[in-house]
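Okay, here's what each chain looks like letter by letter:
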Amino acid sequence: MPGGVMMDNAYLQVSGLSRHFDISDPFLARLLTGGARRQLTAVDNVSFSIARGQTYALVGESGSGKSTIARMIVGLERPDSGTIRFDGRTAFDERQGQVQDNSLRQKLQMVFQSPYSSLNPRWRVGDILMEPIRAFDLIADPEARRRRVHELLDQVGLSTQDAQRYPHEFSGGQRQRISIARALASNPQFIVCDEPTSALDVSVQAQVLNLLKQLQRDLQLTYLFISHDMAVVRVMAHRIGVLKNGRLVEENAAGPLIESPQDPYTRMLMESTPRFAGGAASG
Amino acid sequence: MTSPPVRPSEKPAGAPESAPTSVSASISASISASRLQRALASDFVYDFTRAPIAIIAGLVVLFLFLVAILAPLVAPTNPFDPASLNLMNGFTPPMQANMFTGESFVMGTDDQGRDLLSAIIYGLRVSLFVGVMSVLLAMGLGVSLGLIAGYVGGWLDNLIMRIADIQLTFPSILIAMLIFGVLRGIIPPDLRDEMAIFVLITAIGLSEWVPFARTVRATTLVEKEKEYVQAARLIGLGRHQIMWRHILPNVLGPVLVIATITLALAIIAEATLSFLGVGAPATEPSLGTLIRIGQDFLFSGEWWILTFPAITLLALALSVNLLGDWLKDTLNPRLK
């Protein structure tokens, strides 16, 4: 029952999250032209939570702040205010700042948007997958490590020989599988998928999405899924939040939100994506 | 005069290793063979075989390097061994018998009866040693500073790059002379001649780091925004690990080109300093020193003392430069 999610079994809780960027001209230019400091509010007081083992999709057009939220949640970017809590533990709040804790970091991973720049081109796939294992000291025995790398490759549908190859020898879809395998390497509980399929062909998209769904089922993963593509979100999400200019304008379980969007902006987003046969409400 | 027999390190190297690890050796041999095959089939090699100038320049550079490395084996005499010199042989023109001793020399002799061919071969050795070492120094320094400036950013970036800017406003030979002078002042007088070569390397190395730093910084700025760096940050890797293990291998491409072009510059800088009398000492003459010595005799008719070292220097610097130029064009994807 994806609809009625109780918030007390939330895995991730985000509340009052905000982030501003300083987009003023350089100091000297401001002084000469008399311009004032300018700030861009990328994320404005956003709160939501994700239930364990479910997928929460953040949708919105580019520049709506979805990626900034994702980066703040995994700790790549510092929020200006708000709190982020994982599994009852605080990852960020205004008093402590970002909590630098490896045991927490290990549980959060990310699959990036571009399959081309997210893998170090000079590293073999085996080394790429080995690195999280080494960084978090998960497995000491080298032989066991190698077996774990092979297991990861197997899990994402690649062959064990692929460990010896370099990223450029793979297609976009395969690279995204490697990216997913790297995210899985540290045994995470939560994965942020930042538009993981937007750079892929439609047919490959479906394969990668199915892989993500299957992994979620097998490993009890919780996903935050960032996308602008309603067709993709429809397949993946249990709950959807719609972002516009850094604000959450509508949030609901996936079914009701797609069938009867309340906010005009949500309706606009739905209409702007190509319809497939059997689509729910018609605009 | 007699070169020492086979070096002791050469004998035991191959023998004990081959027996127990023959299987893994053959495996690694087959891997390296396939790697060699792949390397030979690459675009790089293909381009090289299509560029006659690059081939000629490459052969000249290879030849000069080999001659310099094998100097004790290929040089007819050891020009630094006073016992091999005969003052009576002084000023023998090339390919002519000396009027007193009847000896003849391919490239003639200088004022002290030193065989010029041998002097050039040993001088080449000094020039190349100083050139290669100072490029390595400049590269190490420039790549490190560029990487740090690009990745860390902020005031450190400003500091490093402003120093680079200031240094660029002076001709590098001037910087090298300044550093040379300062270092000579620091070193105690009795060590000066022994340290002269290293002072020279330091002076040239410190004067050529800027192009490395600028290029590496620019590439680092691009690389550090890529998602693989964010993925590395995500697993809690520190700055150093990300800089040296992740970014460094990805910024080294253009460095090879700059290193080659800088090698030509460094060789010329060394020759210039030596020509001016502030470089390699007379006890270890480089090509520049030989040219300076030869210059004294140019107008008294002994042209060969100047000409042959100068031609060698020209061939070396030109070939390295042409090779660097070709590398630059080949590795630049925008020119394809």
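Here the structure is a predicted model, which is why all the values come from computation and not from measurement.

A. Region of the structure containing the sheet that holds strand β3 (residues 55–59) of chain A. Residues and elements named next belong to chain A. Taken in spatial order, the six strands of this open sheet run β7-β8-β9-β3-β10-β11, and their pairing is mixed. Each of the sheet's edge strands pairs with one partner strand only, and the pair in question is β7 (108–111) and β11 (247–253). Looking at each pair of strands side by side, their axes are set apart by 20° on average, direction ignored.

B. Highlighting the side chain of B:Ser134. Mapping B:Ser134 onto the fold places it in helix α6 (residues 116–152). Ignoring any residue separated from it by four or fewer positions in sequence, one finds B:Ser134 in contact with B:Ile201, B:Ile204, B:Gly205 and B:Ala266.

C. Structural context of the confidence of the model for chain A. Residue and element names in this part refer to chain A. Of the residues in chain A, 93% have a pLDDT of 70 or more, and the chain-wide mean is 87. Contacts for the low-pLDDT stretch residues 1–6, under 50 throughout, to residues beyond four places or in other chains number seven contacts. Taken as a whole, residues 278–283 scores under 50 in pLDDT and shows eight contacts with residues more than four places along the chain or in a different chain.

D. Up close: the packing of helix α10 (residues 210–223) of chain B against helix α13 (residues 253–275) of chain B. All names here are of chain B. Interhelical geometry of α10 versus α13 gives an angle of 170° and a closest axis separation of 10 Å. With respect to their mutual orientation, α10 and α13 come out roughly antiparallel. Here Pro211, Phe212, Thr215, Val216 and Thr219 of α10 lie close against α13, whose contacting residues are Pro254, Val255, Ile258, Ala259 and Thr262. Taken together, the residues of the contact of α10 with α13 break down into seven nonpolar, three polar and no charged.

E. Summary view of the packing of aromatic side chains. Residues and elements named next belong to chain A. Under the defined criterion, the tally for this structure stands at seven aromatic pairs over all chains. Centre to centre, the rings of Tyr11 and Phe86 are 6.0 Å apart; their planes meet at 65°, and the pair counts as edge-to-face. In this pair, Tyr11 sits in strand β1 (residues 10–22) while Phe86 sits in strand β4 (residues 81–86), placing the two residues 75 residues apart along the sequence. What makes Phe86 buried here is its relative accessible area of 1%. For the pair Phe86 and Phe190, a centre-to-centre distance of 5.4 Å together with 70° between the ring planes defines the contact as edge-to-face.

F. Region of interest: helix α14 (residues 287–297) of chain B. Restricting attention to buried positions, one finds in α14(B) the residues B:Leu287, B:Gly288, B:Thr289, B:Leu290, B:Ile291, B:Gly294 and B:Phe297. Buried residues along α14(B) sit against α6, α13 and α15 (304–331) of chain B.

G. Region of interest: the pattern of salt bridges. All names here are of chain A. Per the counting criterion, the structure on display carries 20 salt bridges over all chains. The shortest N-O distance in the salt bridge between Arg37 and Asp22 comes to 2.4 Å. Taken together, the residues span a long stretch of sequence, with Arg37 in the loop between α1 (27–33) and β2 (39–51) and Asp22 in strand β1 at a distance of 15 residues. Across the pair Lys66 and Glu195 runs a salt bridge, and its minimum N-O distance is 3.7 Å. Here Lys66 is found in helix α2 (residues 66–74), whereas its partner Glu195 is found in the loop between β8 (190–194) and α7 (202–219), with 129 residues between them in sequence. Exposure class is identical for Lys66 and Glu195. Each is buried. Here the residues in one salt-bridge network are Arg19, Arg71, Glu77 and Asp80, joined through shared partners.

H. Representation of the interface of chain B and chain A. Listed per partner, the contact involves 15 residues of chain B and 24 residues of chain A. The contact between chain B and chain A buries some 1,800 Å² in all, and 53% of this surface belongs to carbon and sulfur atoms. Ranking the residues of chain B by area buried against chain A places B:Glu227, B:Leu234 and B:Ile235 at the top, with a combined share of 41%. Our enumeration of links across chain B and chain A arrives at one salt bridge. A salt bridge links A:Glu131 to B:Arg245; its shortest N-O distance comes to 3.4 Å. Counting across the interface, chain B meets chain A through 11 residue pairs in polar contact (both at pLDDT 80 or more). Only α11 (227–234) and α12 (239–251) of chain B provide two or more residues apiece to the side of chain B that touches chain A. With six residues, α11(B) is the largest single contributor of residues to the side of chain B that touches chain A.

Parameters at a glance
Residues numbered from 1 in each chain as written. Chains lettered and ligands numbered in written order. Predicted model: local features only at pLDDT ≥ 70, side-chain atom pairs only at ≥ 80, totals over all residues. Heavy atoms only, no water. Pairing = 2+ DSSP bridges. Helix = DSSP H or I, 4+ residues; strand = E, 2+ residues; numbered from the N terminus. Axes fitted to C-alpha atoms, helices over the stretch in contact; angles between N-to-C directions. Contact = heavy atoms within 4.5 Å. pLDDT = per-residue confidence, 0-100. Parallel < 35°, antiparallel > 145°, perpendicular 65-115°, else oblique. Nonpolar A, V, L, I, M, F, W, Y, C, P; charged D, E, K, R; others polar. Phe/Tyr/Trp six-rings, centres within 6.5 Å; stacked < 30°, edge-to-face > 60°. Buried < 20%, exposed > 50% of the residue type's maximum accessible area, 1.4 Å probe, protein only. Salt bridge = Lys/Arg side-chain N within 4 Å of Asp/Glu carboxyl O. Buried area = accessible area lost by both parts, 1.4 Å probe. Polar contact = N/O pair within 3.5 Å; in protein donor to acceptor, adjacent residues only side chain to side chain.

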